[in-house]
Amino acid sequence: MAAWEAGDEGGGRKVCIASPSVVKGEGTGEGKERDSGGANPCAKQNMEERGSPDGDPARNLEQGPEGPETPIQVVLRVRPMSAAELRRGEQSVLHCSGTRTLQVSPPGGGPDVAFRFGAVLDGARTQEDMFRACGVRRLGDLALRGFSCTVFTFGQTGSGKTYTLTGPPPQGEGVPVPPSLAGIMQRTFAWLFDRVQHLGAPVTLRASYLEIYNEQVRDLLSLGAPRPLPVRWNKTRGFYVEQLRVVEFGSLGALMELLQMGLSRRRSSAHTMNQASSRSHALLTLYISHQTQMPPVDPGEPPAGGKLCFVDLAGSEKVAATGSRGELMLEANSINRSLLALGHCISLLLDPQRKQSHIPFRDSKLTKLLADSLGGRGVTLMVACVSPSAQCLPETLSTLRYASRAQRITTRPQAPKSPVAKPPQHLETELLQLQEENHRLRSQLGQMDPKASGLIGARVAWAQRNLYGMLQEFMLENERLRKEKRQLQSSRDLAQDEQRILAQQVHELERRLLSACYLHQPGPGPAPPCPCVMVPPPPCHALPPLCPCPCCHLCPLCQAPLAHWACPRRELHLPQVWFLQRQTS
Ligand code: ADP
Ligand code: MG
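Criteria and cut-off values
Residues numbered from 1 in each chain as written. Chains lettered and ligands numbered in written order. Predicted model: local features only at pLDDT ≥ 70, side-chain atom pairs only at ≥ 80, totals over all residues. Heavy atoms only, no water. Helix = DSSP H or I, 4+ residues; strand = E, 2+ residues; numbered from the N terminus. Buried < 20%, exposed > 50% of the residue type's maximum accessible area, 1.4 Å probe, protein only. Contact = heavy atoms within 4.5 Å. Areas by Shrake-Rupley, 256 points an atom, 1.4 Å probe, with all protein chains shown as cover. Phe/Tyr/Trp six-rings, centres within 6.5 Å; stacked < 30°, edge-to-face > 60°. Lys NZ or Arg CZ within 6 Å of the ring centre and 35° of its normal. Core = buried A, V, L, I, M, F, W, Y, C linked by side-chain atoms within 4.5 Å. Pairing = 2+ DSSP bridges. Axes fitted to C-alpha atoms, helices over the stretch in contact; angles between N-to-C directions. pLDDT = per-residue confidence, 0-100. Parallel < 35°, antiparallel > 145°, perpendicular 65-115°, else oblique. Left-handed = near helix turned anticlockwise from the far one by under 90°. Nonpolar A, V, L, I, M, F, W, Y, C, P; charged D, E, K, R; others polar. Salt bridge = Lys/Arg side-chain N within 4 Å of Asp/Glu carboxyl O.

1. A word on the overall build of the protein
So, step 1. Helix and strand content of the protein: 16 helices and 21 strands.
So, step 2. Looking at the protein as a whole, 46% of its 585 residues qualify as buried.
So, step 3. Restricting to contacts in the protein with at least 6 residues of sequence separation, those with at least 24 account for 72%.
So, step 4. Summing over all exposed atoms, the protein offers an accessible surface of approximately 29300 Å²; the carbon and sulfur share of this is 56%.

Here it is, written out as structure tokens:
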């Protein structure tokens, strides 16, 4: 194997990621064969590279969340022996056989163990080989179509994760990585810009970059000094980082600057196994949205569209082996804890009963932010990195075991929402009519029942989402408003009838009461004249008496016609005693 000082721009050999994965070895589901070619976009790409006439590789993914399950694609990279390891006379225990199988030969003559992955690249392979073999361009294409894609590196500290993603650590302030050593990220950025230019449709590109350091999320693109940001969850977005800065960029140069800014702010330290060991997990996310897509409802939310996220995990480390003390040890412990949580989630995701079992994504910030990539609706590529040295064998075996298990995890990539098309003319007209009717009904209802006007606001947010949604919403709401209006009208009619009956009863009672008062009025002398005859009855628009019998139409005293008892001016005719009784009651 070549030592890494050799420099590594090579001949650009092409490695195909095969669709079936056969994994042999400890705890890896020995001999299990899985055909992932049907739904797996990465596998499909390789079919395309092999000349498969299978057509659109992402076609099957557009069936929605209930669509095909897509396994996590795993690519293994074995870094070359370092100069220091060679100087110490350490032996390599890893051998690649073919492009997909890794043989582990334990020192002391134990039996070889074989692991099989989508692709295996040894230490002689260049950064360009890695970029071409890992299938990241397929993820880029899927992200352009609206899928949420993740590439993450996994492995022991010093195994080459950061190198694979972003190239060797900067050799000085502002010194860029030589093009031949640029990692998957820079190469994907360049490829993406090229792709976008050839798309012919305007695309908006934005980026965020964060690190998880000692279980705190820090914004690597923040304008001021990074401060811890909360990780929240909601139904539509899943887990997300609140107040994370998302920067729009228009050129490859601007994106490279954002990457450099983040890399220079990211925490790294030297220890015995790595001179520039990352002390945090870093997540750079590209948000890709087409201009036909609706703007976000919430202003703090990234626009609807695809995502391509690069995750550079901090490596697991044995504190004794790295010689970490003090702050370094604290960092190592929190790195190990979050990697343990990740490993635990991976194990549970493999559980066939997983639909019933709870996956503890909430156990760490890292697992929260990777939840969608691991068990959700994303398309995921894992790049497992290992060191060939015999000294690292226990850690290497552990990485190989996790990587083997990870490729049996499936996600259910969510079909991208189709861009908002212009609605047909008749729908627009119908929408306008419904809107008008809605407005009219609301104002009528507001007049009839003041409480009804408060019904408005709550549904407006939903209705704003899209034209078809609005149409449906207006139809439903108009139907509801019509029903409510009918109910209010009939209860108003009922109330009016009741009022009329009560008025009649009051008149009748007044008449009876007055007659009674008149009859029992004490005092000597002749009885006062009956009120019926005192004044001639004025023209009266009285209601008919309650009882239709003829006696009720006549005064019980003088038998005069009683039409004026119902007259509004009837109180003028009532005796004083009646008024006094009324005022005190
Ligand atoms: P990790 O991120 O896994 O802790 P690094 O990416 O920082 O490890 O790599 C550790 C060291 O090994 C760095 O100096 C890096 O340049 C070197 N290295 C890793 N992989 C390779 C490779 N494939 N070729 C050459 N050098 C490598
Ligand atoms: Mg690193």
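2. Points about unusual backbone geometry
Note: most peptide bonds trans; most residues except glycine with negative phi.
So, step 1. With a phi angle near 45°, N214 is a residue other than glycine that sits in the positive phi range.
So, step 2. As for its placement among the helices and strands, N214 is situated in the loop between β10 (203-213) and β11 (216-219).
So, step 3. We classify N214 as partly exposed; its relative accessible area is 25%.

3. Considerations on the packing of aromatic side chains
So, step 1. Using the criterion set out here, one finds 3 aromatic pairs in the structure.
So, step 2. Aromatic pair F154 and Y402: ring centres 6.1 Å apart, planes at 80°, arrangement edge-to-face. With F154 in strand β9 (residues 148-155) and Y402 in helix α11 (residues 393-406), this pair connects stretches of sequence that are 248 residues apart.
So, step 3. Assessed through its relative accessible area of 10%, F154 is described here as buried.
So, step 4. Overall, the relative accessible area of 25% leaves Y402 in the partly exposed class.
So, step 5. Consider the rings of F193 and F249, whose centres lie 6.0 Å apart with planes at 50°: the pair is tilted. Of this pair, F193 sits in helix α6 (residues 184-199) while F249 sits in strand β15 (residues 247-249); the two residues are 56 residues apart in sequence, bridging distant segments of the chain.
So, step 6. What makes F193 buried here is its relative accessible area of 10%.
So, step 7. R237 extends its terminal NZ or CZ atom over the ring of Y240, reaching a point 3.9 Å from the ring centre.
So, step 8. The ring of Y213 is capped by R267, whose NZ or CZ atom sits 4.3 Å from the centre of that ring.

4. A few points about the nonpolar core
So, step 1. In this structure, L76, V104 and L342 are the most contacted members of the largest nonpolar core, which totals 51 residues.
So, step 2. Counting residues per element, this core draws most heavily on helix α9 (residues 326-349), at 6 residues.
So, step 3. Residues within four places of L76 in sequence aside, it is in contact with L102, F117, A119, V120, L121, A384, V386 and L400.
So, step 4. Core analysis: the second largest hydrophobic core is formed by 44 residues, L165, F189, L192 and L286 among them.

5. Considering the sheet that holds strand β6 (residues 101-104)
So, step 1. Reading across the sheet, the 3 strands line up as β5-β6-β7 and stay open at both edges, with antiparallel pairing between neighbours. Two strands bound the open sheet, and with one partner strand each, they are β5 (94-97) and β7 (113-116). Shown here is a sheet whose adjacent strand axes are inclined to one another by a mean of 25°, direction ignored.
So, step 2. Where β5 lies against β6, 4 bridges are found, and the strand directions are antiparallel. By the bridge assignment for β6, C96 is matched with L102.

6. Some thoughts on the confidence of the model for the protein
So, step 1. Overall, the predicted model of the protein reaches an average pLDDT of 73, with 63% of residues at or above 70.
So, step 2. Taken as a whole, residues 1-67 scores under 50 in pLDDT and shows 163 contacts with residues more than four places along the chain or in a different chain.
So, step 3. Note on residues 460-466: pLDDT under 50 across the span, and 9 contacts to partners over four residues away in sequence or across chains.

7. Regarding the packing of α9 against α11
So, step 1. Interaxial distance between α9 and α11 falls to 9 Å at its minimum, and their mutual angle equals 40°. Judged by the angle between their axes, α9 and α11 are oblique. Where α9 crosses over α11, the two elements pack in a sense that is left-handed. Contacts between α9 and α11 involve G343, I346 and S347 on the former and, on the latter, Y402, R405 and A406.

8. Some thoughts on the pairing of strand β20 (residues 379-386)
So, step 1. For β20, a buried count of 8 out of 8 residues is recorded, marking the element as mostly surrounded by other parts of the structure.
So, step 2. Residues of β20 alternate between two faces, with V379, L381, V383 and C385 on one and T380, M382, A384 and V386 on the opposite face, all of them buried.
So, step 3. For strand β4 (residues 73-78) and β20, the ladder comprises 6 bridges, and the chain directions are parallel. Bridge assignment links L76 to a residue of β20, and that residue is A384.

9. Concerning helix α4 (residues 136-144)
Side chains of residues three or four places apart in an α-helix project in the same direction, reflecting 3.6 residues per turn.
So, step 1. Taken across its 9 residues, α4 has 9 buried, putting it largely inside the fold.
So, step 2. Downstream of α4 by one or two residues, G146 has phi in the positive range, about 110°.

10. Comments concerning the pairing of strand β13 (residues 231-234)
Walk down a regular strand and you will see the side chains alternate between the two sheet faces.
So, step 1. Note that β13 and strand β14 (residues 238-241) share 4 bridges and pair antiparallel. The residue of β14 that forms the bridge with N234 is G238.

11. Side note on the packing of α6 against helix α7 (residues 252-265)
So, step 1. Running from N to C, α6 and α7 cross one another at 155°; their axes reach a closest spacing of 10 Å. In this view, α6 runs roughly antiparallel relative to α7, as classed from their interaxial angle. In terms of crossing hand, the pair formed by α6 and α7 is right-handed. When α6 is examined against α7, the residues M185, Q186, F189, A190 and F193 are found in contact with a partner set consisting of L252, L255, M256 and L259.
So, step 2. Among the residues forming the contact of α6 with α7, the class breakdown is 8 nonpolar, 1 polar and no charged.

12. Structural notes on the environment of F249
So, step 1. The buried category is assigned to F249, whose relative accessible area is 8%.
So, step 2. Along the primary structure F249 and T204 are separated by 45 residues, whereas in three dimensions their C-alpha atoms are 8.1 Å apart.
So, step 3. Among all residues touching F249, those that are not within four sequence positions of it are F193, L205, R206, A207, A254, L255, L258 and L286.

13. A look at the pattern of salt bridges
So, step 1. According to the stated counting rule, one finds 14 salt bridges in the structure shown.
So, step 2. Here D141 and R138 are joined by a salt bridge, their closest N and O atoms 3.5 Å apart. Of this pair, D141 and R138 both sit in helix α4, 3 residues apart, roughly one helical turn.
So, step 3. Residue class for D141 comes out buried when judged on its relative accessible area of 12%.
So, step 4. R138 sits in the buried class, given a relative accessible area of 8%.
So, step 5. Residues participating in the shared-partner salt-bridge network are E128, R132 and R187.

14. Here we look at the environment of L121
So, step 1. Within the secondary structure, L121 is located in strand β8 (residues 119-121).
So, step 2. L121 gets classed as buried once you look at its relative accessible area, which sits at 0%.
So, step 3. With 24 residues separating them in the primary sequence, L121 and S97 have C-alpha atoms 10.0 Å apart.
So, step 4. Leaving out residues up to four positions away in the same chain, L121 has contacts with V75, L76, R77, V78, C96, D129, M130 and A133.

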